[in-house]
Each structure stands twice: as structure tokens, then as C-alpha cells.
Amino acid sequence: MNKGIEIARGKTKILYEHPGQPEMLVVKQTDRLSAGDGARRSEIAGKGRLAAQTTSRVFRLLNLCGLPTHFVNGGEDDDDNEMLVRRCNMIPLEVVVRGVVAGSLARRNPGLQRGGLLIPRMIEFFVKDDANHDPQIAPDAIVSQGIASAAEVSAMSEMARLAFEILAHAWRRRDVLLVDSKVEFGRIASGDGKGSLVLADVIDNDAWRIWPQGREDRMLDKQVYRNLETVDEEALARVKSAYEQVAEMVGGFPVMRSGTVAIFGGDGDQSERVERIAQALGQYGLPAIRHVASASKTPGYVLQLAQQHDATFPRLLYVAASAGDAALHAMLSSATTNPVLNGDGDADEAALQCAKIFALEDTVLFGRTLLVQTNARSAVLHADAALNVPLPMPLNSQTA
Ligand code: 5GP
């Protein structure tokens, strides 16, 4: 990748300017590995390539889901362990999301059952400060110390939680339990979206705990390295093998399994309803095939279309928007082995149900669904908050 001067160097990565594009940076991940705030340090040939692959595949997935990240492209084999990112002003915090009791949480709270599931997820903030072992910080203190605004703290919690749920879904599909994860945030430094919060830094096998089959003894993440009693060549080869397995599995994270929705409008020309559902499907990136057909007037056409579509598309859902004409739904349902959903109600709801079905096997659609639901929830909360704006204080209490 074309890069300019080095501008910063961390324990496992180097940042460079990107010539001619001041709003971009190049991040290079190195072969270094460290633990205990740098107390243990090693190098594993090829670790930088695996870390860059893991990071870029994770960010690709999060971008596809609609979460804002700094990642633009790169990180694959031909990219020399480098990725192109938006330049950010980093917020000096580590945001940890926990789904299972482990690590420092278990150490700090001996009463908690190690390995116990955490619902709701627990969010913790730590200040980036190796010399003081990254001390934990309360959300209030982040605001009072001017590290981030209250709105940014709540946005970071929400985005970190969403990223965790998306990654947990991707890992669950591979029978791996995501125990916890650490992310960092930056504010876009210049250009489009200047000042807005994005997931930044790297998200690789050093930044989470993952337990295949939910078994801690099968862990594949950096904890393998942290736990080593002796750091010798053989031990580092075992660590590398775990990182290789992870990069390989994460390779499948941003892969969408394309699905199609065939919408059938019923008698009385339901084309407008069909269009509304197709549009609602668009927010999940789901392609739609549109038809108007009637069980009573064109039954042969309904059956022929269903057979044709069944024979053509590998992952297909039907939506019958028949405006109360139950015969169309029944006819489609008996003609196909694919699910047939009811499209008579709200178009957004029909699209959401389609997305949820595909999300069972597709993490990108899972993430998009999660974001749509989160936005819908926050719209309700905002509307409620607007109705409950604190009343101005009565004059007599202000003077008391
Ligand atoms: P804990 O607080 O239990 O040690 O760590 C919680 C999670 O954050 C774990 O997934 C751990 O890997 C990650 N984490 C904590 N500190 C760091 C750090 O300095 N760098 C990276 N990459 N991950 C960290």
C-alpha cells in the first residue's frame, strides 16, 4: 500500500500517513505480541498478516451491518499487513463488553460464577494508561474529566454492545462462544462526517476471548499466550496455530449468503403494497421479485411462478400481500416448500420478518436487523423524552 511518513507506533501496530489523502491513514499490524501491559513481549513470524486479516474481516462485517467504523479497505494477503482507514482523533478509552464472567471481572469479583452468562451484557470503560495498568473509569468520570461527552459515552456503549452482539452471532454460528471483547473509538478528524464517532483501532484475536463449544480449555485467543508458563518456540508455534484458525474462521464473517424475497400482490391490483414491501426490504439489502397474481383468476400463473422461482433461487421467501384474499396465501403455501409470510399488515413488519429468517444463517442480515430494531427503539425513547422535557423551575423556588 502506498504510504507516507510514520506518525505513531504502538505495541503491535504502526500508523503512517497516506500520501495525497490527509483524511486517511495506513495501519500496519506487526508480528509483535505482548501481554501484561508490555511486560511479556514476543514476535511470531506471520502474526501481523493474521492480525491484519482478522481485523479487516471484522471491520468489513461491521461496515456491512451499518455500524460506522474507520475501516476503508485492505488487510488481505496482497496488502502487506496494511489497511487504509479514516484518520481519527482517538478517544483514550478501552470499551469492554462482557457476555460471560471471565478475566479481570472474575478476578475483581470472586463471588461471581466464572463462566456465567451476563444478560444484559456488561459494559466497562478503562483508561488507556499502560503505566497504571489501564485503570477502570466510571461513565460520569469520563464526562467530568472531559474525555468524552455524555452523548458520546452513551453512543460508545451502544455501538460497542452492537458490535459485540454481531460478533457473538458470527461466532455462535461456528459453535464458538464470544466471552468478551475490547473496542476503541475515534472521532473522524476531517472531511465527511468530521467529529463523528466511529469504531477504530484494530479488532483482532488479541481483543476478545473466544471459547469453542463454550469450553475455556479450548480457547483460541490471546489468552493462550498470556497463560503460557514458558515462552519457547514450541509454545509460540501453538499460539500461531490458534491465530491461524481464528483468521480462517473470521474469513467467513463478512460473506453474505444471498437470499431473495418473492412478493405476490393479490386480486384488486396490490402493486402499490408490493412496492412498499420491496422498498422496506431494501433497508436490509434484500432483493425482491414483484408479482401481482390472483388465486381465482390466474391460478395457473401463480403455480407456474412458484415452481419457476423455487427451481431458480437457493434461499427464497414468499410474501403474499393478498389484501385478505386468503386463497392466494394458501395456494402459494401448498405450491412451495419455502416459507410464505403474510404481507397484509405493515410493510416494514413484513420486511423485518423476512430479514429475521435470513438472519438465522447470515450475520450481515442479523446485524442489519439489530440496527433497524435499535434505531426503532431509540426513536420511541426520543419521542418519550421529548414529551417529558423537565418543566422550568417555578420562580419562587429559584429565588428561595
Ligand atoms: P479483561 O479486563 O478481562 O482483562 O479483558 C477484557 C477483554 O478486553 C478481553 O477480551 C481482553 O482480551 C480485552 N483487552 C483488555 N485489555 C486489552 C488491551 O490492552 N489490548 C487488547 N487488544 N485487548 C485488551
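Keep in mind that what you see is a predicted model, and the values were worked out from it rather than measured.

A. The arrangement of the site of the ligand in detail. The environment of the ligand is formed by 13 residues, the closest being Arg98, Ser104, Asp180, Arg209 and Arg226. Within the side chain of Arg98, a nitrogen or oxygen atom sits 2.8 Å from an oxygen atom of the ligand. Contacts to the ligand include Asp180, whose side-chain N or O atom sits 2.6 Å from an oxygen atom. Coverage of the ligand by the protein chains reaches 81% of its 500 Å² of free accessible surface. The set of elements that each furnish at least two residues to the shell around the ligand consists of strand E9 (93–100), helix H2 (103–108), strand E12 (176–188) and strand E14 (208–212). Looking at the shell around the ligand element by element, the count peaks at three residues for E9. Grouping the amino acids of the shell around the ligand by side-chain chemistry returns three nonpolar, two polar and eight charged.

B. Representation of the domain arrangement of the protein chain in the model. Segmenting the protein chain into domains produces domain 1 (6–250) and domain 2 (260–360). Placing the centre of domain 1 and that of domain 2 at their C-alpha centroids yields a distance of 41 Å.

C. Structural detail: the packing of helix H1 (residues 47–65) against helix H6 (residues 233–250). Closest axis-to-axis distance for the H1/H6 pair is 9 Å, and the angle between their directions is 30°. Of the possible angle classes, the one that applies to H1 and H6 is roughly parallel. As for how H1 packs across H6, the hand of that crossing is left-handed. Residue-level inspection shows Lys47, Leu50, Gln53, Thr54, Arg57 and Val58 of H1 in contact with H6, the latter providing Lys240, Tyr243, Glu244, Val246, Ala247, Glu248 and Val250.

D. View of the sheet that holds strand E18 (residues 340–342). Taken in spatial order, the four strands line up as E16-E15-E17-E18 in an open sheet, and their pairing is parallel. The open sheet has two edge strands, strand E16 (288–292) and E18, and neither has a second partner. Recorded for the sheet is a direction-independent mean angle of 25° between the axes of neighbouring strands. Along the sheet, helix H10 (residues 347–359) contacts strand E15 (260–265), strand E17 (316–321) and E18; its crossing angle with E18, the most-contacted strand, is approximately 150°.

Criteria and thresholds
Residues numbered from 1 in each chain as written. Predicted model: local features only at pLDDT ≥ 70, side-chain atom pairs only at ≥ 80, totals over all residues. Heavy atoms only, no water. Near = heavy atom within 4 Å. Polar contact = N/O pair within 3.5 Å; in protein donor to acceptor, adjacent residues only side chain to side chain. Areas by Shrake-Rupley, 256 points an atom, 1.4 Å probe, with all protein chains shown as cover. Helix = DSSP H or I, 4+ residues; strand = E, 2+ residues; numbered from the N terminus. Nonpolar A, V, L, I, M, F, W, Y, C, P; charged D, E, K, R; others polar. Domains from an automatic or database assignment. Axes fitted to C-alpha atoms, helices over the stretch in contact; angles between N-to-C directions. Parallel < 35°, antiparallel > 145°, perpendicular 65-115°, else oblique. Left-handed = near helix turned anticlockwise from the far one by under 90°. Contact = heavy atoms within 4.5 Å. Pairing = 2+ DSSP bridges.

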